[in-house]
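Now for the letters of each chain:
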Amino acid sequence: MSYAKLIGSGGYLPPRVVSNDELAAELAQQGIETSDAWIRERTGIQQRHLVEPGVKTSELATKAAQAALADAGITADQLDLIILATATPDFVFPSTACIVQAALGASNAAAFDVQAVCSGFVYALTTADAYIQAGRAKTVLVIGAEVFSRILDWRDRGTCVLFGDGAGAVIMQASDKPGVIGAKLHADGNYANILCTAGNVDQGQVTGDPFLRMDGQAVFKFAVTALADSAQQVCDDAGIRLQDIDWLVPHQANVRILNFLSRKLGVDNDKVIVTVAEHANTSAASVPLALDVARRDGRIKSGDLVLLQGVGGGFTWGSVLLRI
Ligand code: ACO
C-alpha cells in the first residue's frame, strides 16, 4: 500500500505586521470603534500580517511553496501535481495553482484550485492523499494561500479585525511508510448564509455583495460541534484514541473556539498548536502555516501523530490524521 507522506513544509507571511492597536487607530480615523482589549478578549488575536495593495495570492503561495520544496530537498520539476486551496484567487481564471506552477517552473505538474474556504487545505490534502493512494501521482505540492484582506469590509468591525493574509504549503510523496492514515470531509450547503462572500462578476460589473459577511455566534457554535465530531469520527475510523494524538492542528479562527474544542475532546491545551494570536485567521492558509511553525520550532517531530482540522464557509469541515 502506498501512503501519502509529508516530506517538507513551508510558510510565508507578508512583512507588514498590523497590531490590534494600530488597526484600532486606523479604524478610528473612519469613525469605527474597536480596541486591543476587545479583540484579544473575544478572539485571542494580537496582530495580523497584511499584504501591500496589489499583492496577489499566487505571490504568497509561490514563496510558501519554495520554502516547502527547499525543506523537502526536491526541485519543482519533480512535482507531478499542485493543488492550491484558496477563496481569494488571483483571477476568475486561470486558476491560482496554474500561476504558481509557472512561477515555480513545475513543468511536469498538473495544477488546480480547491475552493472550500477555511477548510480548503484539509480538502486539498485529502485530495492529494487520494491521488497518491490511487497511484495517479507520486509527489504533490499542497498549498493553502489567501489575501483575505481583499474581501474584508473595513467598516464592519465584527469581521475586519479577525483575518490576516498568508500562505502555507506541504509536499506529500508516495511512501510505504505512513503517512496519512485517515481523512474525512463534510459539507452542508444549508449553512451557506452564516459565512459568505456572495458577490460575483457579471457583464463586467460586480454583482451582489463582494465583502465577507458572517453571523459570528452561529459560526462559533457550528465550528465547535463540527470540529469535535469530525475529530472523533476520523480517529474512530482509524482505530486511534484521541488521547494518543501528539498534536492537534485545528483551523485558526479564534482562541475561544480552540479552547472549547480541546475541552470537548479532552485533549490537553498544550497539545494544541495555536498561531491565531500572531497570524489572525488566514482561512485556507491557517492549518499549513500552523503546521509549519510547529515543525520548524521542533514541537512536531518525525513519528508524531497529528490531527489537522478545517472548518469554514460552505459550510465545509473535515479532518486528516497524519503520521509525520
Ligand atoms: N470591537 C468592539 N466591539 C465590537 C467589535 C469590535 N471589533 N465587533 C463587534 N463588537 C460589538 C458588537 O457591536 C456588539 O455590540 P452591542 O452589544 O452594543 O450590539 C458586541 O460587540 C457583541 O457583539 P457580538 O457579535 O455578539 O460579539 P461576540 O461575543 O459574539 O463576539 C466574535 C464576536 C468574536 C466574532 C464571535 O462571535 C466569534 O468568535 N465567532 C466565531 C466566528 C469566527 O471566529 N469567525 C472566523 C471566520 S469563520 C471560520 O474561520 C470558520
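Residue positions within a chain follow its written sequence, with the count starting from 1. For a predicted model such as this one, the threshold for reporting local features is a pLDDT of at least 70, and the threshold for listing and counting side-chain atom pairs is 80 or more; totals across whole chains, interfaces and linings nevertheless cover every residue. Note that water and hydrogens are dropped before the side-chain values are worked out from all heavy atoms of the structure.

S.K.: What should I look at first to understand the site of the ligand in this one?
M.R.: Around the ligand lies a shell of 22 residues, among which Thr34, Arg42, Gln217, His251 and Asn254 are the nearest. N or O atoms within 3.5 Å of each other form a polar contact, as long as, within protein, one can give a hydrogen and the other can take it, and as long as residues adjacent in sequence are counted only when both atoms are side-chain atoms. Interatomic distance of 2.9 Å between a backbone N/O atom of Arg157 and a nitrogen atom of the ligand. Between His251 and the ligand, the recorded distance is 2.7 Å, taken from a side-chain N or O atom to an oxygen atom. For the ligand, whose unbound accessible area comes to 1,000 Å², protein coverage reaches 73%. A run of H or I in DSSP counts as a helix once it spans at least four residues, and a run of E counts as a strand once it spans at least two, with each numbered from the N terminus. Only α2 (36-43), α6 (157-160), α7 (216-238) and β14 (305-312) provide two or more residues apiece to the shell around the ligand. The element best represented in the shell around the ligand is α7, accounting for four residues. Residues are sorted three ways: Asp, Glu, Lys and Arg are charged, Ala, Val, Leu, Ile, Met, Phe, Trp, Tyr, Cys and Pro are nonpolar, and all the rest, Gly among them, are polar. Among the residues making up the shell around the ligand, the classes are represented as ten nonpolar, nine polar and three charged. Nearness is defined per residue: one heavy atom within 4 Å of the molecule or strand is enough. For the accessible areas, the method is Shrake-Rupley and the probe is 1.4 Å, while residue cover comes only from the protein chains on display.

S.K.: Explain the sheet that holds strand β4 (residues 81-85) here, please?
M.R.: Paired through backbone hydrogen bonds, the strands of a sheet run either parallel or antiparallel to each other. The five strands lie next to each other as β1-β7-β6-β4-β5, forming an open sheet whose pairing is mixed. Edge positions in the open sheet fall to β1 (3-12) and β5 (110-114), since each of these has one partner strand only. Neighbour-to-neighbour, the strand axes of this sheet turn through a mean angle of 20 degrees, independent of strand direction. Strands are labelled as partners when DSSP assigns at least two bridges between them. Where strand β6 (residues 139-147) meets strand β7 (residues 165-175), nine bridges bridge the pair, whose relative direction is antiparallel. Each residue of the ladder has a partner; that of Val147, found in β7, is Asp165. Throughout, a contact is declared for two residues whenever any of their heavy atoms are within 4.5 Å. Lines fitted to C-alpha atoms define the axes, with helix axes restricted to the stretch in contact, and inter-axis angles between N-to-C directions lie between 0 and 180 degrees. Packed on one face of the sheet, helix α3 (residues 57-72) meets β1, β4, β6 and β7 and runs near 125 degrees to β1.

S.K.: Could you clarify how one ought to interpret the packing of aromatic side chains in this entry?
M.R.: Working definition: an aromatic ring pair is given by the centre-to-centre distance plus the angle between the planes. Between the rings of Phe, Tyr and Trp (Trp by its six-membered ring), a pair exists once the centres lie within 6.5 Å; its type follows the angle of the planes, with under 30 degrees stacked, over 60 edge-to-face, and the other angles tilted. Scanning all chains against the criterion turns up six aromatic pairs. Consider the rings of Phe112 and Tyr131, whose centres lie 6.3 Å apart with planes at 40 degrees: the pair is tilted. Placement of Phe112 in strand β5 and of Tyr131 in helix α5 (residues 120-133) is noted, with a sequence separation of 19 residues between them. Between buried and exposed lies partly exposed: a residue is buried under 20% and exposed over 50% of the maximum accessible area for its type, with that area taken using a 1.4 Å probe on protein chains only. The class for Phe112 is partly exposed, based on a relative accessible area of 27%.

S.K.: Just checking my understanding: could you explain the UniProt feature "domain: Beta-ketoacyl-[acyl-carrier-protein] synthase III N-terminal" (unreviewed entry) in the protein for this structure?
M.R.: The feature "domain: Beta-ketoacyl-[acyl-carrier-protein] synthase III N-terminal" (unreviewed entry), as given by UniProt, occupies residues 112-189 in the numbering adopted here. Within the segment residues 112-189, helix and strand shares are 23% and 40% respectively, and the terminal C-alpha atoms sit 22 Å apart. UniProt positions are given in the numbering used here, feature names are shortened, and annotations may be inferred rather than shown by experiment.

S.K.: What should I look at first to understand the pairing of strand β13 (residues 247-250) in this one?
M.R.: On a regular strand, each side chain points to the face opposite its neighbour's, so the side chains alternate between the two faces of the sheet. Covered by surrounding structure in β13 are Trp247 and Val249 together with Leu248 and Pro250, the residues of both alternating faces. Sheet topology places β13 next to β14; four bridges connect them, and they run parallel. When the sheet's bridge partners are listed, Trp247 is paired in β14 with Val306.

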